[in-house]
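Spelled out from the first residue to the last, the chains are:
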Amino acid sequence: FFFFLMIRRPPRSTQSRSSAASDVYKRQLHMLSVFIDELGGDYSQFIEQTVELLLPMVNFSTNDEIRKTVAKCLPSLLRCFQKSNRDNKEIIIPQLAREFNKVLWTAVSTEFEAGVIIGQLEAIKENIEIAGRFLSQEEINSYYTEKIIEVLKDSEKRKQENEQFKQDDDVEDEELQVINSDNQKEDDLQETVTEICGALFATHKELTLLLVKLLYESFIQKSLQQDATRHLIKFGLYIVSEIVEHLGVDLIGEIWPQISQALLKSAVHQYSEIRQPAVYTLGIPVSCTHLRAHE
């Protein structure tokens with residue numbers, strides 16, 4: 001139980017001078033992550049000390065794995081508290097989720113490694129799912145919506161820069177492989193952001209309508225255009241699927257006619273990766289109507 005006492009937040013001099021020390025912290029944090037997951041509620045008495053230790057390490061500059069492991073630990077701490085017998089869980093869990101996500105969003109805005117960003121975004125999504133409806137209208141509109149749109153636009157910008165670089169005459173095969181790998185990471189990153197949107201739609205419903213509006217204007221409309229790339233169409237479909245599944249047609253009535261027409265068109269697309277999400281999304285309103293009819 002006192003394993004976390006072995007881990008000390010590294011001084012700045014250590015971060016810059018010793019990769020060996022970083023490897024030690026990485027191993028210790030991995031073990032700590034395992035302990036939190038395995039002990040569950042029994043670890044809850046150490047949550048405060050662990051939070052104090054972990055949050056400053058979200059931005060540990062010399063080791064990507066440390067930043068990813070710290071991000072992974074944060075939702076585990078929430079689940080640990082959720083399983084515990086401690087009092088005031090309905091108050092403390094949302095407070096911790098709000099604090100964790102604020103730190104994680106800040107880290108995302110300064111992170112350059114796509115794999116780390118994905119881990120941080122996955123942690124944000126899990127924290128929302130665990131804490132439930134804990135955000136205010138203002139927090140969603142002025143903070144979460146802004147961050148989501150910013151991350152997606154930055155990712156799309158990096159992909160466009162990669163595509164431009166691929167057009168250079170002197171680009172080599174190895175460089176092309178790196179670029180394609182980077183673009184795949186960006187695709188995975190965008191999909192993770194879509195899952196964050198889904199978590200918000202599921203837990204905060206009508207409070208997310210500004211986010212829906214901006215997603216539609218910034219991304220979904222582009223995916224409906226004739227010259228949209230296969231990836232953009234698929235990405236737009238994933239967003240639409242999350243919107244329709246968690247908010248329903250009634251809450252998005254203004255944009256549903258355009259979306260439904262695009263879904264019908266995509267449902268007969270030549271690529272199955274586009275047909276499948278389109279057909280699935282078209283079936284959601286039908287399923288909901290069927291369920292209401294039998295209530």
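Scroll up for the structure.
Parameters and conventions
Residues numbered from 1 in each chain as written. Predicted model: local features only at pLDDT ≥ 70, side-chain atom pairs only at ≥ 80, totals over all residues. Heavy atoms only, no water. Helix = DSSP H or I, 4+ residues; strand = E, 2+ residues; numbered from the N terminus. Areas by Shrake-Rupley, 256 points an atom, 1.4 Å probe, with all protein chains shown as cover. Patch = residues over 30% accessible without salt bridge, like charges linked within 9 Å, V, L, I, M, F, W, Y side chains within 5 Å. Salt bridge = Lys/Arg side-chain N within 4 Å of Asp/Glu carboxyl O. Lys, Arg positive; Asp, Glu negative; His and termini not counted. Charge placed at Lys NZ, Arg CZ, Asp CG, Glu CD. Buried < 20%, exposed > 50% of the residue type's maximum accessible area, 1.4 Å probe, protein only. Arc of directions from axis to C-beta. 1 Å grid on protein atoms, 1.4 Å probe; cavity = no way out; pocket = protein on both sides within 12 Å on 5 of 7 lines; lining within 4 Å. Points joined across faces, edges and corners; volume = space filled by probe spheres on them. Phe/Tyr/Trp six-rings, centres within 6.5 Å; stacked < 30°, edge-to-face > 60°. Lys NZ or Arg CZ within 6 Å of the ring centre and 35° of its normal. Axes fitted to C-alpha atoms, helices over the stretch in contact; angles between N-to-C directions. Parallel < 35°, antiparallel > 145°, perpendicular 65-115°, else oblique. Left-handed = near helix turned anticlockwise from the far one by under 90°. Contact = heavy atoms within 4.5 Å. Nonpolar A, V, L, I, M, F, W, Y, C, P; charged D, E, K, R; others polar. Core = buried A, V, L, I, M, F, W, Y, C linked by side-chain atoms within 4.5 Å. Polar contact = N/O pair within 3.5 Å; in protein donor to acceptor, adjacent residues only side chain to side chain.

K.L.:
Outline the overall build of the protein chain, supporting the account with residue identities and numerical values.
P.N.:
For the protein chain, the count of helices and strands is twelve helices and zero strands. Taken as a whole, the protein chain presents about 15,700 Å² of accessible surface, with 50% of it coming from carbon and sulfur.

K.L.:
Tell me about a negative patch on the surface, and name the residues and values.
P.N.:
On the surface, Asp168, Asp169, Asp170, Glu172, Asp173, Glu174 and Glu175 cluster together into a negatively charged patch. Considering the arrangement of structural elements, one finds Asp170 in the loop between α7 (137-166) and α8 (173-204). By relative accessible area, which is 61% here, Asp170 ends up exposed.

K.L.:
Report on the pattern of salt bridges, specifying residues and quantitative values.
P.N.:
Charged atoms that come close allow side chains of opposite charge to pair. The full count for this structure, using the stated rule, is 16 salt bridges. For Glu126, the salt bridge goes to Arg79, with nearest N and O atoms at 2.9 Å. One end of the pair, Glu126, is in helix α6 (residues 114-131); the other, Arg79, is in helix α4 (residues 64-83), and 47 residues separate them in sequence. Several salt bridges share partner residues, and in doing so they unite Asp64, Arg67 and Glu111 into one network.

K.L.:
Which residues make up helix α11 (residues 256-266), and what values go with them?
P.N.:
Three or more residues of α11 are buried, namely Trp256, Ile259, Ser260, Ala262, Leu263 and Ser266. Looking down the long axis of α11, one finds its buried residues gathered within 165° of arc, a one-sided arrangement. Set apart from the buried face of α11 by more than 90 degrees, the exposed residues are Gln261 and Lys265.

K.L.:
How would you explain the layout of surface pockets if you had to name every residue and give the values?
P.N.:
To find leftover empty space, one rolls a probe the size of a water molecule over the atoms. What the largest pocket holds in volume is close to 450 Å³. Lining the largest pocket are 19 residues, with Glu156, Gln160, Thr229, His231 and Leu232 sitting closest to its centre. If you list the elements that add at least two residues to the lining of the largest pocket, you get α7, α8, α9 (209-223) and α10 (230-251). With six residues, the single largest contributor to the lining of the largest pocket is α7.

K.L.:
Residue-level account of unusual backbone geometry, with values.
P.N.:
Of note in this structure, Asn88 is not a glycine but carries a positive phi near 60°. Relative to the elements of secondary structure, Asn88 occurs in the loop between α4 and α5 (89-110). Overall, the relative accessible area of 44% leaves Asn88 in the partly exposed class.

K.L.:
A description of the packing of aromatic side chains should follow, citing residues and the corresponding values.
P.N.:
If you walk through the whole model with that rule in mind, you get four aromatic pairs. Taken together, a centroid distance of 5.9 Å and an interplanar angle of 85° make the contact between Phe219 and Phe235 edge-to-face. On the criterion of sequence distance, the pair formed by Phe219 in helix α9 and Phe235 in helix α10 is long-range, its members being 16 residues apart. One exposure class covers both Phe219 and Phe235, and it is buried. In this structure an aromatic cluster arises from ring pairing among Trp105, Tyr143 and Tyr144. The aromatic ring of Tyr271 is capped on one face by Arg230, whose charged end is 3.6 Å from the ring centroid.

K.L.:
Could you give me a rundown of the packing of helix α3 (residues 47-54) against α4, with the residues and numbers involved?
P.N.:
The contact between α3 and α4 brings their axes to 11 Å, and the two run at 165°. Accordingly, the angle class assigned to the pair α3 and α4 is roughly antiparallel. Helix-helix and strand crossings are classified by hand; for α3 and α4 the assignment is left-handed. Residue-level contacts link Ile47, Thr50, Val51 and Leu54 of α3 to Val70, Cys73, Leu74, Leu77, Cys80 and Phe81 of α4. Looking at side-chain class alone, the contact of α3 with α4 contains nine nonpolar, one polar and no charged residues.

K.L.:
Summarise the nonpolar core; cite the residues concerned and give the values.
P.N.:
Counting residues in hydrophobic clusters, the biggest one holds 80 residues, and the most contacted among them are Leu54, Leu77, Leu121, Ile148 and Leu215. If near-sequence neighbours (up to four positions away) are discounted, Leu215 is found in contact with Ile149, Leu152, Cys197, Phe201, Ile220 and Ile239.

K.L.:
Tell me what's going on with the side chain of Asn162, and back it up with residues and numbers.
P.N.:
Along the chain, the position of Asn162 falls in helix α7. Accessibility expressed as a relative area gives 18% for Asn162, which makes it buried. A distance of 2.9 Å separates the side chain of Asn162 from the side chain of Asn183, its partner in a polar contact. Not counting the four nearest positions on each side in its chain, Asn162 is found in contact with Ile179, Asp182 and Asn183.

K.L.:
Tell me about the environment of Arg79, residues and numbers included.
P.N.:
A relative accessible area of 29% places Arg79 in the partly exposed class. A C-alpha to C-alpha distance of 8.5 Å links Arg79 and Asp37, two positions 42 residues apart in sequence. Those residues in contact with Arg79, other than ones at most four positions away along the chain, are Glu126 and Ile130.

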